[in-house]
Amino acid sequence: MQSMNIRRLGPNDEIAFRKMNDVFARAFGDPDTYTGEPPTAGYIANLLSMDHVIALICVEDDQVVGGLVAYELQKFERQRREIYIYDLAVDEPHRRRGIATSLIEQLRKIARDRGAWVIYVQADYGDDPAVALYTKMGSREDVMHFDIPV
């Protein structure tokens, strides 16, 4: 039986951070984005020391098999916070075992402790497993997403 451990990354977790990005690269089929120009150790330490940056990993038998990156957003219209899940992935051989759900449940605990009122996430049309997971855990809103070049 494999032991599953979900934990939040901190400023001294450079190796685990890089392994999480490897999981994202494989899961999304996008190695160029996630491993093509890796950040420096200093950048990683600074990023992971920020309270509003939440990086969670799932470790099984000393191997990073899943990861979640989320950002806490302080709102202007009310004194409240929202959490945005930016990336969530589980390595192919470890899927359909509740790892993604466990990562989101851990994020829920963090969000509750931080006083957030909602967690939200986007899913791509055609990504049926992600849509099913998010539908199971929350309510759906149909919105449009735009990338605006800088």
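Note that this is a predicted model, so its numbers are computed, not measured.

Student: Quick one: what's the story with the pairing of strand 2 (residues 53-60), residue by residue and with numbers?
Tutor: Look at any regular strand and the pattern is simple: side chains alternate between the two faces of the sheet. Within strand 2, eight of the eight residues are buried, which leaves the element mostly enclosed by the surrounding structure. Neither face of strand 2 is exposed, since Val53, Ala55, Ile57 and Val59 on one face and Ile54, Leu56, Cys58 and Glu60 on the opposite face are all buried. Summarising the sheet, strand 1 (residues 4-8) and strand 2 pair through five bridges and their orientation is antiparallel. Paired with Ile6 across the strands is Cys58, a residue of strand 2. Strand direction decides the pairing type here: strand 2 and strand 3 (residues 63-74), joined by eight bridges, are antiparallel. The residue of strand 3 that forms the bridge with Val53 is Tyr71.

Student: Tell me what's going on with the confidence of the model for the protein, and back it up with residues and numbers.
Tutor: A low pLDDT means the predicted coordinates there should not be read in detail. Here the protein averages 93 in pLDDT, and 99% of its residues register 70 or above. When pLDDT is averaged over each element of the protein, helix 3 (residues 41-48) comes out on top at 98 and helix 5 (residues 128-137) at the bottom at 86.

Student: How would you summarise the packing of helix 4 (residues 99-114) against helix 5 if you had to cite specific residues and measurements?
Tutor: With their axes 11 Å apart at the nearest point, helix 4 and helix 5 run at an angle of 40 degrees to one another. When the axis of helix 4 is compared with that of helix 5, the two are oblique. The crossing of helix 4 and helix 5 is right-handed. Residue-level contacts link Ala100, Thr101, Ile104, Glu105 and Arg108 of helix 4 to Leu133, Tyr134, Lys136 and Met137 of helix 5. The residue inventory of the contact of helix 4 with helix 5, partitioned by class, reads five nonpolar, one polar and three charged.

Student: Describe in detail the layout of surface pockets, supporting the description with residues and values.
Tutor: By rolling a water-sized probe across the atoms, one finds the places where empty space is left. Approximately 380 Å³ is the volume attributed to the second largest pocket. Forming the boundary of the second largest pocket are 20 residues, of which Phe17, Asn21, Tyr34, Tyr86 and Asp87 lie nearest the centre. Elements represented by at least two residues in the lining of the second largest pocket include exactly helix 1 (14-28), helix 2 (31-35), helix 3, strand 2, strand 3 and strand 4 (81-90). Top element by residues in the lining of the second largest pocket is helix 1. It accounts for four residues. The residue inventory of the lining of the second largest pocket, partitioned by class, reads 13 nonpolar, four polar and three charged.

Student: Any details on the pattern of salt bridges? Residues and values, ideally.
Tutor: This model, assessed by the stated rule, comprises eleven salt bridges. Between Glu105 and Arg108 there is a salt bridge; the shortest N-O distance is 2.8 Å. Of this pair, Glu105 and Arg108 are both found in helix 4, three residues apart, which corresponds to roughly one turn of the helix.

What counts as what
- Residues numbered from 1 in each chain as written.
- Predicted model: local features only at pLDDT ≥ 70, side-chain atom pairs only at ≥ 80, totals over all residues.
- Heavy atoms only, no water.
- Buried < 20%, exposed > 50% of the residue type's maximum accessible area, 1.4 Å probe, protein only.
- Helix = DSSP H or I, 4+ residues; strand = E, 2+ residues; numbered from the N terminus.
- Pairing = 2+ DSSP bridges.
- pLDDT = per-residue confidence, 0-100.
- Axes fitted to C-alpha atoms, helices over the stretch in contact; angles between N-to-C directions.
- Parallel < 35°, antiparallel > 145°, perpendicular 65-115°, else oblique.
- Left-handed = near helix turned anticlockwise from the far one by under 90°.
- Contact = heavy atoms within 4.5 Å.
- Nonpolar A, V, L, I, M, F, W, Y, C, P; charged D, E, K, R; others polar.
- 1 Å grid on protein atoms, 1.4 Å probe; cavity = no way out; pocket = protein on both sides within 12 Å on 5 of 7 lines; lining within 4 Å.
- Points joined across faces, edges and corners; volume = space filled by probe spheres on them.
- Salt bridge = Lys/Arg side-chain N within 4 Å of Asp/Glu carboxyl O.

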